[in-house]
Amino acid sequence: QVQLVESGGGLVPAGGSLRLSCAASGRTFSSYNMGWFRQAPGKEREFVASISWDGLRTNYAIDVKGRFTISRDNAKSTVYLQMNSLKPEDTAVYYCAARMRPQYPDLYGANDWGQGTQVTVSS
């Protein structure tokens, strides 16, 4: 099991940017594929982005493709989510998730989850 702590959330106007961080501890970080998910009020949790253990493969939800970038630094055991051109509909609690490779984090799999960080985009 890996422990995950997200940070970097906050209040930002529409069109602004934020960078979320997720620091991992407890296991070898490079053993894990990582992902970001989000949950808006009254809605189900949804996939945002994922990245392979070596950072070479990324995947994005259609809604964020071209605006968000996922990256990782294995030396720092940290995964990032750079969010640009934010929209009010991006408002949600953002969660980091880890799953031991070769599997990727998904909504129903055996992931390790962080506690979440709130992102609020004002119109």
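Not measured: the values here are computed from a predicted model.

(A) Inspection of the nonpolar core at higher detail. Counting residues in each nonpolar core, the largest one holds 29 residues, and the members touching the most others are Met-34, Trp-36, Val-79, Leu-81, Met-83 and Tyr-94. When residues of this core are traced back to their parent elements, those giving at least two are strand E3 (18-25), strand E4 (32-39), strand E5 (46-51), strand E7 (68-73), strand E8 (78-83), strand E9 (92-100) and strand E11 (117-122). In this view, Leu-81 contacts Leu-18, Arg-19, Leu-20, Trp-36, Val-48, Ala-49, Phe-68, Thr-69, Ile-70 and Tyr-94; residues no more than four positions away in its chain are not counted.

(B) Summary view of the packing of aromatic side chains. Under the criterion given, the structure shown has three aromatic pairs. Pairing Phe-37 with Phe-47 gives two aromatic rings, centres 5.8 Å apart and planes at 75°, and the pair type is edge-to-face. Here the residue Phe-37 occupies a position in strand E4, and Phe-47 occupies one in strand E5, the gap between them amounting to ten residues. By relative accessible area, Phe-37 is classed as buried at 1%. Taking the centre distance of 5.0 Å and the plane angle of 65° together, the rings of Phe-37 and Trp-113 count as edge-to-face. Linking Phe-37 in strand E4 with Trp-113 in strand E10 (residues 112-113), this pair joins segments that are 76 residues apart in sequence. Above the face of the Tyr-95 ring, Arg-45 is positioned so that its terminal group lies 3.8 Å from the ring centre.

(C) Spatial organisation of unusual backbone geometry. Here the bond from Arg-101 into Pro-102 is cis, since omega is 15°, no more than 30 degrees from zero. A positive phi is found at Ser-85, a non-glycine position, where the angle reads about 50°. Locating Ser-85 in the fold gives a position in the loop between E8 and E9. In this structure Ser-85 comes out as partly exposed when scored by relative accessible area, which is 42%.

(D) A look at the sheet that holds E3. One open sheet holds the four strands; their spatial order is E1-E3-E8-E7, and the pairing between them is antiparallel. Two strands close off the open sheet at either side, each with one partner strand: strand E1 (3-7) and E7. Strand-to-strand twist across the sheet, computed as the mean angle between neighbouring axes with direction ignored, equals 15°. When E3 meets E8, the two strands line up antiparallel, connected through six bridges. In the sheet register, Arg-19 faces E8, and the bridge partner there is Gln-82.

Calculation criteria
Residues numbered from 1 in each chain as written. Predicted model: local features only at pLDDT ≥ 70, side-chain atom pairs only at ≥ 80, totals over all residues. Heavy atoms only, no water. Core = buried A, V, L, I, M, F, W, Y, C linked by side-chain atoms within 4.5 Å. Buried < 20%, exposed > 50% of the residue type's maximum accessible area, 1.4 Å probe, protein only. Helix = DSSP H or I, 4+ residues; strand = E, 2+ residues; numbered from the N terminus. Contact = heavy atoms within 4.5 Å. Phe/Tyr/Trp six-rings, centres within 6.5 Å; stacked < 30°, edge-to-face > 60°. Lys NZ or Arg CZ within 6 Å of the ring centre and 35° of its normal. Pairing = 2+ DSSP bridges. Axes fitted to C-alpha atoms, helices over the stretch in contact; angles between N-to-C directions.

Limitation: the analysis is restricted to geometry and does not speak to function.
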